[in-house]
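# Observations on chain architecture
Spelled out, the chains give:
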Amino acid sequence: MSTGGKARSRMYVFVSIIFIVGLLLAGYYVFGKTPGETETAPASEVLNPKS
């Protein structure tokens, strides 16, 4: 009895799950953690304040 077909289908499921998880992580990084203003001042401003 050949198990090649069963192994192949499970491999496709495994690869698909990894691909979907990767897309979710990339989407979270792009849309959830959008770059913007930092909450802390840069080190140069801490050492030499402008005002």
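Residues numbered from 1 in each chain as written. Predicted model: local features only at pLDDT ≥ 70, side-chain atom pairs only at ≥ 80, totals over all residues. Heavy atoms only, no water.

### Re the overall build of the protein chain
Per the secondary structure count, the protein chain includes two helices and zero strands. Classification of the 51 residues of the protein chain by burial places 0% in the buried group. As displayed, the protein chain offers around 5200 Å² of accessible surface, 66% of which is attributable to carbon and sulfur atoms. (Helix = DSSP H or I, 4+ residues; strand = E, 2+ residues; numbered from the N terminus. Buried < 20%, exposed > 50% of the residue type's maximum accessible area, 1.4 Å probe, protein only. Areas by Shrake-Rupley, 256 points an atom, 1.4 Å probe, with all protein chains shown as cover.)

### Thoughts on the UniProt feature "transmembrane region" (unreviewed entry) in the protein chain
The feature "transmembrane region" (unreviewed entry), as given by UniProt, occupies residues 12-31 in the numbering adopted here. The distance separating the terminal C-alpha atoms of residues 12-31 is 28 Å; by composition the span is 100% helix and 0% strand. (UniProt positions renumbered as here; feature names shortened; annotations may be inferred.)

### Let's talk about a nonpolar patch on the surface
On the surface, a nonpolar cluster with roughly 540 Å² of combined accessible area is contributed by Met11, Tyr12, Phe14, Val15 and Ile18. As for its position among the elements, Tyr12 is in helix H1 (residues 4-32). For Tyr12, a relative accessible area of 51% translates into the label exposed. (Patch = residues over 30% accessible without salt bridge, like charges linked within 9 Å, V, L, I, M, F, W, Y side chains within 5 Å. Salt bridge = Lys/Arg side-chain N within 4 Å of Asp/Glu carboxyl O.)

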